[in-house]
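In case you want the letters, here they are:
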Amino acid sequence: MRINRFFTDQGYCSRREADKLIEAGRVHINDRLAVLGDQVSETDKVYVDSKEILFAPPKVYIMYNKPTGITCTTERQIKGNIIDAVKHPLRVFPIGRLDKDSSGLILLTNDGDIVNRILRAEFENEKEYVVEVDKIYTPDFFKKMSSGVNIGDHVTLPCKVTALGRMTFSIILTEGKNRQIRRMCEALGYNVKKLKRIRIMNLLLGEMKAGEWKDIPAADLEKLKSKLG
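Rules and cut-offs
Residues numbered from 1 in each chain as written. Predicted model: local features only at pLDDT ≥ 70, side-chain atom pairs only at ≥ 80, totals over all residues. Heavy atoms only, no water. Phe/Tyr/Trp six-rings, centres within 6.5 Å; stacked < 30°, edge-to-face > 60°. Helix = DSSP H or I, 4+ residues; strand = E, 2+ residues; numbered from the N terminus. Buried < 20%, exposed > 50% of the residue type's maximum accessible area, 1.4 Å probe, protein only. Lys NZ or Arg CZ within 6 Å of the ring centre and 35° of its normal. Pairing = 2+ DSSP bridges. 1 Å grid on protein atoms, 1.4 Å probe; cavity = no way out; pocket = protein on both sides within 12 Å on 5 of 7 lines; lining within 4 Å. Points joined across faces, edges and corners; volume = space filled by probe spheres on them. Nonpolar A, V, L, I, M, F, W, Y, C, P; charged D, E, K, R; others polar.

Q: Just checking my understanding: could you explain the packing of aromatic side chains for this structure?
A: Each aromatic ring pair is summarised here by two numbers: the centre-to-centre distance and the angle between the ring planes. With the rule as written, the count across this model stands at 10 aromatic pairs. Centroid distance Phe142 to Phe169: 6.1 Å. Interplanar angle 70°. Geometry classified as edge-to-face. A residue pair is termed long-range when its members are at least 10 positions apart, and Phe142 in helix H5 (residues 139-147) and Phe169 in strand S10 (residues 168-173) qualify at 27 residues. Residue classification places Phe142 among the buried residues on the basis of a relative accessible area of 16%. A residue is classified by how much of its surface remains accessible, and Phe169, at 0% relative accessible area, is buried. Members of the aromatic cluster, connected to one another through ring pairs, are Tyr137, Phe141, Phe142, Phe169 and Tyr190. Over the face of the ring belonging to Tyr190 we find Lys135, whose NZ or CZ atom lies 4.9 Å from the ring centre.

Q: Quick question: what am I supposed to make of the pairing of S10 here?
A: Two faces belong to every sheet, and in a regular strand the side chains alternate between them. In terms of burial, S10 is largely enclosed, as 5 of its 6 residues are buried. Here 4 bridges tie strand S9 (residues 160-163) to S10, and the two strands are oriented antiparallel to one another. Bridging across to S10, Ala163 finds its partner in Phe169. In this structure, the hairpin formed by S9 and S10 is closed by a connection of 4 residues.

Q: Help me understand empty space enclosed by the protein, please; the structure alone is not making it clear to me.
A: The gaps of empty space that remain are located by a probe, the size of a water molecule, rolled over the atoms. Counted under the stated rule, the structure contains 1 cavity of 30 Å³ or more. Each pocket or cavity is described by its volume, and for the largest cavity that value is around 40 Å³. Around the largest cavity, the lining residues are Tyr61, Ile95, Leu107, Leu108, Thr109, Ile114, Ile118, Ile216 and Leu224. At the level of elements, strand S7 (103-109) and helix H4 (112-120) are the ones that each hand at least two residues to the lining of the largest cavity. With 3 residues, S7 is the single largest residue contributor to the lining of the largest cavity. Of the residues assigned to the lining of the largest cavity, the class counts are 8 nonpolar, 1 polar and no charged.

Next comes the structure, spelled out in structure tokens:
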């Protein structure tokens, strides 16, 4: 890559600022003075004022349609872990979790900053699910699911629930307690047969097939970061 792009990729400075450093004779590549337009690779050592600027892997942000049976853990010794399932060439980790028996959208990244920003703002971030239960639900079920359910150690926040069929509905949460939707349904006398997450904030699962992943589109990523401040 060009030397000025190297500086931007490492988050050191802009390309224009990098060019100024090079023109001022402050940049070395290995044991020689850098010039404008130089190319560098990961085997090169780049210095500014004798201080080495280390190569860092590019930031990646992906969305993955997790199938049921995959566990959201980075522990490779666990069979069916999400890292082996995704097989991304860089080291990534999931943002949040989606239980083993559930499917749908989960995000993975190597950017610890955005993970912290998402988790800090957890109660402001919408997540939408499609749920199928084991029997026909009643209007009272909807009312209680919407207004908040005592799941033993917590009373859930009010949420939006929309009917999709006699045993299927969508639910939008702004919190993420462990197995929350399953525990809410169980507290009201229902069991979840299928649970699929279809949206995280502005990111939609869309037509992605189970087991597929893709980079978050640039416009969607920009909007996501904007929502996170």
